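# A look at the structure
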Amino acid sequence: MGTIYKTPDSRRQTLALYDRQLRSLGCHWRDRYVDTAFGRTHLVETGNFAGPAVLVFHGGNSTTAYNLLLCRFLLPHFHLYAVDIIGHPGKSDQRCLPPYGYAYGRWASQVIDALGFARMRCFGGSFGGGVLAKLMCVAPEKVEKSVLVVPAGIGNALPVGAVKMLVPLLRYRRSGDERYLRQTALYMAMTEDVLDGDTIETLRNSFDHVKTKVGMPTNVGARRMRRCHAPTLVLAGERDCLFPARKVLRRAPKILPCCRTYQLTGRGHMHLLTEGEQAMIVSFLQGDPPPPPGR
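Residues numbered from 1 in each chain as written. Predicted model: local features only at pLDDT ≥ 70, side-chain atom pairs only at ≥ 80, totals over all residues. Heavy atoms only, no water.

### A closer look at a nonpolar patch on the surface
The grouping of Val163, Leu166 and Leu170 at the surface amounts to a nonpolar patch, some 260 Å² of accessible area in total. Position of leucine 170 among the secondary structure elements: in helix α6 (residues 166–175). (Patch = residues over 30% accessible without salt bridge, like charges linked within 9 Å, V, L, I, M, F, W, Y side chains within 5 Å. Areas by Shrake-Rupley, 256 points an atom, 1.4 Å probe, with all protein chains shown as cover. Salt bridge = Lys/Arg side-chain N within 4 Å of Asp/Glu carboxyl O. Helix = DSSP H or I, 4+ residues; strand = E, 2+ residues; numbered from the N terminus.)

### Concerning the packing of aromatic side chains
Under the defined criterion, the tally for this structure stands at three aromatic pairs. Ring centres of tyrosine 104 and phenylalanine 127 lie 5.5 Å apart, and the angle between their planes is 85°; on these two criteria the pair is classed as edge-to-face. Of the two residues, tyrosine 104 sits in helix α3 (residues 103–115) while phenylalanine 127 sits in helix α4 (residues 127–138), which places them 23 residues apart along the sequence. Phenylalanine 127 matches tyrosine 104 in its accessibility class, with the two residues each being buried. (Phe/Tyr/Trp six-rings, centres within 6.5 Å; stacked < 30°, edge-to-face > 60°. Buried < 20%, exposed > 50% of the residue type's maximum accessible area, 1.4 Å probe, protein only.)

### Structural notes on the pairing of strand β4 (residues 79–83)
In terms of burial, β4 is largely enclosed, as five of its five residues are buried. Every second residue of β4 is oriented toward a common face, with His79, Tyr81 and Val83 on one face and Leu80 and Ala82 on the other, all of them buried. Sheet analysis places strand β2 (residues 39–47) next to β4, joined by five bridges and oriented antiparallel. Of the residues in β4, the one forming a bridge with valine 44 is alanine 82. Note: strand β3 (residues 53–57) against β4, five bridges, orientation parallel. Along β4, the bridge assignment pairs alanine 53 with histidine 79. In this view, the connection linking β3 to its parallel neighbour β4 by way of helix α2 (residues 64–70) has right-handed handedness. (Pairing = 2+ DSSP bridges. Right-handed = clockwise from strand over helix to strand, strands pointing away.)

### Points about unusual backbone geometry
Even without glycine at this site, valine 150 takes up a positive phi of about 35°. Summarising the element assignment, valine 150 is placed in the loop between β6 (143–149) and α5 (160–164).

### Observations concerning the pattern of salt bridges
Pairing of side chains with opposite charge becomes possible as their charged atoms draw close. Under the definition given, this model contains twelve salt bridges. With a shortest N-O distance of 2.7 Å, arginine 179 and aspartate 177 are connected by a salt bridge. On the basis of relative accessible area, aspartate 177 is assigned to the partly exposed category, the value being 23%. The partner of arginine 267 in a salt bridge is glutamate 277, and the shortest N-O contact between them spans 2.7 Å. A residue pair is termed long-range when its members are at least 10 positions apart, and arginine 267 in the loop between β8 (259–264) and α11 (275–286) and glutamate 277 in helix α11 qualify at ten residues. Glutamate 277 shares its class with arginine 267; the two are buried. The network of salt bridges with shared partners includes Glu178, Arg182, Glu192 and Arg204.

### Remarks on empty space enclosed by the protein
Evaluation of the coordinates by the stated rule reveals one cavity of 30 Å³ or more. Taken as a whole, the largest cavity encloses approximately 70 Å³ of empty space. Every residue lining the largest cavity is listed: Thr14, Leu17, Tyr18, Gln21, Asn61, Ser62, Thr63, Pro89, Thr202, Asn205 and Ser206. Elements supplying a minimum of two residues to the lining of the largest cavity: α1 (10–23) and α8 (197–209). Looking at the lining of the largest cavity element by element, the count peaks at four residues for α1. Taken together, the residues that form the lining of the largest cavity break down as three nonpolar, eight polar and no charged. (1 Å grid on protein atoms, 1.4 Å probe; cavity = no way out; pocket = protein on both sides within 12 Å on 5 of 7 lines; lining within 4 Å. Points joined across faces, edges and corners; volume = space filled by probe spheres on them. Nonpolar A, V, L, I, M, F, W, Y, C, P; charged D, E, K, R; others polar.)

### A few points about the packing of helix α7 (residues 178–189) against α8
Relative to each other, α7 and α8 sit at 100°, their axes nearing to 11 Å. Accordingly, the angle class assigned to the pair α7 and α8 is roughly perpendicular. Facing α7, whose interface residues are Glu178, Leu181, Arg182, Thr184 and Ala185, α8 presents Ile200, Leu203, Arg204 and Phe207. Residues belonging to the contact of α7 with α8 are distributed by class as follows: five nonpolar, one polar and three charged. (Axes fitted to C-alpha atoms, helices over the stretch in contact; angles between N-to-C directions. Parallel < 35°, antiparallel > 145°, perpendicular 65-115°, else oblique. Contact = heavy atoms within 4.5 Å.)

### Observations regarding the nonpolar core
With 61 residues, the main nonpolar core has Leu55, Phe57, Trp107, Leu135 and Met225 as its most contacted residues. For tryptophan 107, the contacting residues outside a window of four places in its chain are Thr36, Phe38, Thr41, Phe57, Val83, Asp84, Ile85, Ile86, Leu97 and Val131. Counting residues in hydrophobic clusters, the runner-up holds 29 residues, among them Val56, Leu273, Met280 and Ile281. (Core = buried A, V, L, I, M, F, W, Y, C linked by side-chain atoms within 4.5 Å.)

Any link to function would need more than the numbers given here.
Next comes the structure, spelled out in structure tokens:
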């Protein structure tokens, strides 16, 4: 198994940041490890331990710890199982799975089995939304309901935005100047207010210490996805350079039998959710699923 880190010290630096960000949540959490055919997988169990269980998938080249900071609004309501995606920074095994095909879906299905659930409510953003989409194709019966935020795997755009980011990224790698790091991030964030200290620190760690993965989970097949009747909420950014709303929100209702869509107007891939949008997500995940079709 190869390493996903650039130097022997890179993993230590990444996990030190991971643990600092977890501590900054200010709530109780515990480590969980489960075994899958793809490798040992780590989860952070946290939130409201008396609430409904929700399996949470983080974004690409990022970590569960940073994702939980973005998802603080879920903590009072749900018993979260926030998983470190295998092959990404964090405490799971470093085996990288291909972005094409459905290996990520099979891995996620095995995580649910190993946790002892027959099915779970699920939340995934960006790369993690793509992993969740693959799960919905592989094991639709294991998804009780799902929320996909700026997800890969539904309506991926050509990687023009990623190409545009290369110039400031190369300048950052040569100089280490944070100005170029911010310029790189702004292709996804659109506005400076999105780039808080934790976001910049996470981006810097990813570029400095992790062998960045540019391949996002590929678009799922319509026939496979139509087998998933779990109530699903899909949110997409109007100005997202990776998974634009015009593509994601057009295709999602065509391939998901029980789908609601919502456009994050004026926002890019990296974004801030309003309090109303956070409340909408919480309400959707809390609500009882509708009866199966035909009843």
